[in-house]
Amino acid sequence: MKSQEIIERCSEIYTDMDFGYIKDWRARTGGGAIGILPIYFPKEVIHAAGVLPVEVYGGGDMVDIVKGDSYYQSYICHMPRSIIDLGLSGKLDVLDGLICPFTCDVVRNFSGVYKLLFPDKYSRFFDQPQNFDPDIGGEYMISQLKEVIAFLEEKGKKVTTERLNESIGLYNENRALIRKLYDMRSQKPWQVPSHEVYLLMRAGNIIEVSEHNNFLREYMVTVEELERKPLDNIRVLIIGAFCEQPPLNLVKVMELSGCYIVDDDFILGNRYLDQDVEIGENPLKALVDGYLKSNVPSSCRFEEYKAKEEKLIKLVKERNVEGVVFACASFCDPALQDIPNYQKKLDEKGVRYMSFQYSEDTSQFSLIREQIGTFTDSVKLWGA
Amino acid sequence: MVAKERNYDVGKDEAMLAEKVIMASYLQKLESAKKEGKKVCYTFVPGSLIELLHCFDIVPVWPEVLGLQMGLRKISDDYIEVAENAGYSDDICSYVKSSVGMFLKGNIGPYGNKIPEPDFLFLVNSQCFTFMKWWEILRKTFNCPIVTINLPYRHHGITTKDEIKYGVKQIEKVVIPQLEEMTGIKFDMDRLKGELALSREMEEDVASIFQAGKNIPCPVDGLFQALYYIGPINTYFRGTQEGVDFYKLVRKVVEKRVAAGEGPMTPFGKMKEQKYRLAVDCGITWDHFKEYSKIFYDEGAITVASTYTKVGGLYHSTEFSHDPDEPFESMIRQNMTNYANHTIEDRIKIMEHYINDYHCDGYMIGSIKSCKSFSAGLLTMMNELEKRTGISGAFFEMDMMDSRYFSEANVRTRIDSYLRMIDAKRKGA
């Protein structure tokens, strides 16, 4: 497929709130499907059971929240509301359940709300450890994964060492392709625009991983065939958007306002491992070790000794970033609490930044466009 | 802003006055700690491993407690404003902002004295995710070591063997070695067991005090008065003889009131008639504590049980008491059963227990704007409680110490309407 066809297909998948892809996949394979909220859960484990892992990010700007608002006060973010709306309208019937990693207190409590509202569905809170010793946190994480595997094996196939290694192989390839895509975008952001990367990543939350790998490979080859000219944009890093996602149009607005997004923390669930997971005799332990050793900075991971701020500066240098945009979902505790120290570090290093908040269904962009446009102009005029 | 001078002894009973004395003794210990070569750590009320800290002669500071004191003295807005000016969002936890604000104001606490800076931070994040973020912020603020125990969320509805093992391993392999190194004191299991025995004794008395709320009339206000009573067990004095003695006194005071058929003392005098018995979930505002409690007093509404008083542990029951025969295991178990570490289902069951077994006429749910750990899911809880008990609840919103989010008129109207509804039901019955 050519890059434009791939992006169109990704767009169809992204906007399809009836989740036709999942229905087709289930009918085709006879397999089940399990939703995962962001961020930290190894999808390989689900895949190895022959079950489709689906990363659930809410309804975005494609769902009018009607019932979901009655479950949450105004000062709670949007994502749980739209997921409830999707659930109550029957659209999430395609999933056999939801796994909720400990991203924040809202998601933690959401696992209980979901369980009450949908008692026939599997609801599992997943407490990824914040102790990173393999003998302590690692052992605990393995015990939790085994509990989830017990359920998955009832739904699907036995998670054997072979099957798990095979799934790890596919997801290692997926992560490598995503890293390559991100590098490619950083090198030629006009050739690989961020709204296309975003669509590829959002589709990757839903489709089976080997299909996604094909999309990524083909896209990266065929997008080079297009004639796209560089623009007078500044290179920015987006940070804070790791859970409730911005709507696609907001990503486009950022680009139209003079930004080349050369790195971001969108959809971290696909990218929280920065190295290959070892394939071998103990793949479950290898997956857990991958999580424990991950160096990818995140507001949802306790930092031991290496400050997130230093990692941010390293990324700024590696990607030749001219400005940082803190774009976080309204009321997002983890992101909002990290911002002041990030900004303090950027001040020390003389890196310009700006910040704004959004919700997944933000549809009025003029103010954000003004803010970003002013920011990009200021960087261009007075230097990074 | 200067705290208003008030006579804080008005409307306090013998036990509440004793609470002031015991807490003052803690402040003296804190003041002399560093001079005596003791280490000072900052830690939390939920997830307090105070007995273990005592074994190393560590004197803790509880920034949450300082925060609530700022609220009670009506100066919390100052601290919050300072933190917001430094970039902390108006949407994040007010406790976090109060402690950041305190640091930015030279670590001057709510009573105008300088609070000792921590030698280390002790993070036990069993209450909420924000605790982890808060201590990350303070670590950068104070540039000191951090000792961590990650306690799981009680998502199974019970504390599993794997969860206990995870917690115990962290105590044995992470916490104790680090505390030994920092303090130069060798860990003494016998000392810990001695403390845990005292904790258990204290917890029996505290359970009895809370359960006294089942009496008609209710001898202790399960929210406004109980918040005074739980100060010592939630902070320095669990595991100490002074703490045991204090709760023996409180229990005696409460039992005397039960025998006399009396209600509690309030800042406004004794409540003449307890017209409404209520359970309250969440629902605390420190900076308008008196105004908020007056609303209840004016209506003759007594809180017979509350959940905010269980932030340090489900002390209305001895089910999760400390146990010197299982020292580490019982510490993990107890610390995992602070109220906010329960699932939505389990919180509903706790409220159901209060509503049914404490003979409630109704219940109120006070959502705290900046606390997602308590507040996210409350509306679902309320719907479910109504289905299970057949009783509707009242819902109102506030913040624990940010006065911008408390409207006395709004809360009074909500409570007034709710109680009129109870009146109407009574007439109809």
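Residues numbered from 1 in each chain as written. Chains lettered and ligands numbered in written order. Predicted model: local features only at pLDDT ≥ 70, side-chain atom pairs only at ≥ 80, totals over all residues. Heavy atoms only, no water.

1. Digging into the interface of chain B and chain A
Think of interface size as the accessible area that goes away when the parts come together; that is how it is often given. In this complex, chain B contributes 56 residues to the contact, which on the side of chain A involves 49 residues. Each partner contributes to the roughly 4,500 Å² buried at the junction of chain B and chain A, and carbon and sulfur atoms together form 56% of this total. Contact with chain A buries surface across chain B, with Phe129, Lys140 and Lys372 of chain B losing the most and accounting together for 16% of the total. Where chain B meets chain A, there are eight salt bridges. For Lys372 of chain B, the salt bridge is made with Asp333 of chain A, and the minimal N-O distance between the two is 3.1 Å. At the junction of chain B and chain A, the tally comes to 26 residue pairs in polar contact (both at pLDDT 80 or more). Within the residue set of the side of chain B that touches chain A, elements represented by two or more residues are α6 (129–142), β4 (146–149), α7 (161–183), α14 (344–357), β7 (362–368), α15 (372–375), α16 (378–389) and β8 (393–398) of chain B. Among the residues forming the side of chain B that touches chain A, the class breakdown is 23 nonpolar, 16 polar and 17 charged. (Contact = heavy atoms within 4.5 Å. Buried area = accessible area lost by both parts, 1.4 Å probe. Salt bridge = Lys/Arg side-chain N within 4 Å of Asp/Glu carboxyl O. Polar contact = N/O pair within 3.5 Å; in protein donor to acceptor, adjacent residues only side chain to side chain. Helix = DSSP H or I, 4+ residues; strand = E, 2+ residues; numbered from the N terminus. Nonpolar A, V, L, I, M, F, W, Y, C, P; charged D, E, K, R; others polar.)

2. Quick look at the packing of aromatic side chains
Summed over all chains, the structure comprises 42 aromatic pairs over all chains. Both rings, one in Phe41 of chain A and one in Phe126 of chain A, keep their centres 4.8 Å apart while their planes meet at 85 degrees; by these two values the pair is edge-to-face. A residue pair is termed long-range when its members are at least 10 positions apart, and Phe41 of chain A in the loop between β1 (33–36) and α3 (43–48) and Phe126 of chain A in strand β4 (residues 122–126) qualify at 85 residues. Across the pair, exposure class does not vary: Phe41 of chain A and Phe126 of chain A are buried alike. Centre to centre, the rings of Phe44 of chain B and Phe131 of chain B are 3.6 Å apart; their planes meet at 5 degrees, and the pair counts as stacked. Taken together, the residues span a long stretch of sequence, with Phe44 of chain B in the loop between β1 (40–42) and α2 (50–54) and Phe131 of chain B in helix α6 at a distance of 87 residues. An aromatic cluster is present here, built from Phe224, Tyr228, Trp286, Phe289, Tyr292, Phe296, Tyr308, Tyr339, Phe374, Phe396 and Phe406 of chain B joined pairwise through their rings. Here the guanidinium or amino end of Lys105 of chain B rests over the ring plane of Tyr79 of chain B, the centre of that ring lying 5.0 Å away. (Phe/Tyr/Trp six-rings, centres within 6.5 Å; stacked < 30°, edge-to-face > 60°. Buried < 20%, exposed > 50% of the residue type's maximum accessible area, 1.4 Å probe, protein only. Lys NZ or Arg CZ within 6 Å of the ring centre and 35° of its normal.)

3. Things to note about the environment of Arg257 of chain B
Residues and elements named next belong to chain B. With respect to the element layout, Arg257 can be found in helix α11 (residues 241–260). With a relative accessible area of 6%, Arg257 lands in the buried category. The spacing of Arg257 and Ala212 is 45 residues in sequence and 9.8 Å in space, taken between C-alpha atoms.

4. Notes on the nonpolar core
Grouped together as the largest cluster of nonpolar side chains are 294 residues, with contacts concentrated most on Ile22 and Phe356 of chain A together with Tyr42, Leu52, Tyr292, Tyr308 and Met364 of chain B. Two domains each put at least three residues into this core: domain 1 (14–189) and domain 2 (192–428) of chain B. Dropping the residues within four chain positions of it, Tyr308 of chain B is found in contact with Tyr95, Leu223, Leu227, Cys282, Ile284, Trp286, Ile368 and Phe374 of chain B. (Core = buried A, V, L, I, M, F, W, Y, C linked by side-chain atoms within 4.5 Å. Domains from an automatic or database assignment.)

5. Considerations on the domain arrangement of chain B
Residue and element names in this part refer to chain B. Here the domain parsing of chain B yields domain 1 (14–189) and domain 2 (192–428). Using C-alpha coordinates to define each centre, domain 1 is positioned 23 Å away from domain 2. Taken together, the contact between domain 1 and domain 2 spans 61 residues of the former and 61 residues of the latter. Across the domain 1 to domain 2 interface the summed buried area is about 5,200 Å²; carbon plus sulfur atoms make up 64%. Among the residues domain 1 hides against domain 2, the three largest losses belong to Glu51, Arg154 and Met189. Together they make up 14% of the total. One can count six salt bridges joining domain 1 with domain 2. Measuring nitrogen to oxygen at the nearest pair gives 3.9 Å for the salt bridge that ties Asp346 to Arg154. At the level of secondary structure, the elements contributing two or more residues to the side of domain 1 that touches domain 2 comprise α1 (14–33), α2, α3 (63–72), α4 (76–85), α5 (94–104) and α7. Residue contributions to the side of domain 1 that touches domain 2 peak at 10 residues, all from α1. For the side of domain 1 that touches domain 2, the class distribution of residues is 32 nonpolar, 15 polar and 14 charged.

6. So, the sheet that holds strand β2 (residues 52–55) of chain A
All names here are of chain A. Taken together, four strands build an open sheet; the order of strands is β2-β1-β3-β4 and the sheet is parallel. For this open sheet the edge positions go to β2 and β4, each flanked by a neighbour on one side alone. Between one strand axis and the next, the sheet turns by 25 degrees as a mean value, whatever way the strands run. Relative to strand β3 (residues 97–101), β1 runs parallel, the two sharing two bridges. Looking at β3, one finds that Gly35 is bridged to Leu98. Against the sheet, helix α5 (residues 105–117) contacts β3 and β4, and its axis sits at roughly 160 degrees relative to β3. (Pairing = 2+ DSSP bridges. Axes fitted to C-alpha atoms, helices over the stretch in contact; angles between N-to-C directions.)

7. Quick word on the packing of helix α6 (residues 134–155) of chain A against α7 of chain B
Contact pair α6 of chain A / α7 of chain B: the axes reach a minimum separation of 9 Å and the direction vectors enclose 175 degrees. In this view, α6 of chain A runs roughly antiparallel relative to α7 of chain B, as classed from their interaxial angle. Residues Asp135, Ile136, Gly137, Glu139, Tyr140, Ser143 and Glu147 of chain A of α6 of chain A pack against Asp162, Glu163, Lys165, Tyr166, Lys169, Gln170, Lys173 and Val174 of chain B of α7 of chain B. When grouped by side-chain class, the residues that make up the contact of α6 of chain A with α7 of chain B number four nonpolar, three polar and eight charged. (Parallel < 35°, antiparallel > 145°, perpendicular 65-115°, else oblique.)

8. Remarks on helix α17 (residues 408–428) of chain B
Residue and element names in this part refer to chain B. Helix length check: α17 (21 residues) gives 30 Å between terminal C-alpha atoms against 30 Å at 1.5 Å per residue, within 8%. Buried residues of α17: Val411, Ile415, Tyr418, Leu419 and Ile422, and no others. The buried residues of α17 occupy an angular sector of 90 degrees when the element is viewed end-on, so they sit on one face. Among the exposed residues of α17, those oriented more than 90 degrees off its buried face are Ala409, Lys427 and Gly428. (Expected span 1.5 Å × (residues − 1). Arc of directions from axis to C-beta.)

9. Looking at the pairing of β8 of chain B
All names here are of chain B. Along β8, five of the six residues are buried, which leaves the element largely enclosed by surrounding structure. Both β7 and β8 contribute to a ladder of six bridges, which runs parallel. Counted as the bridge partner of Ile368 is Met398 from β8.

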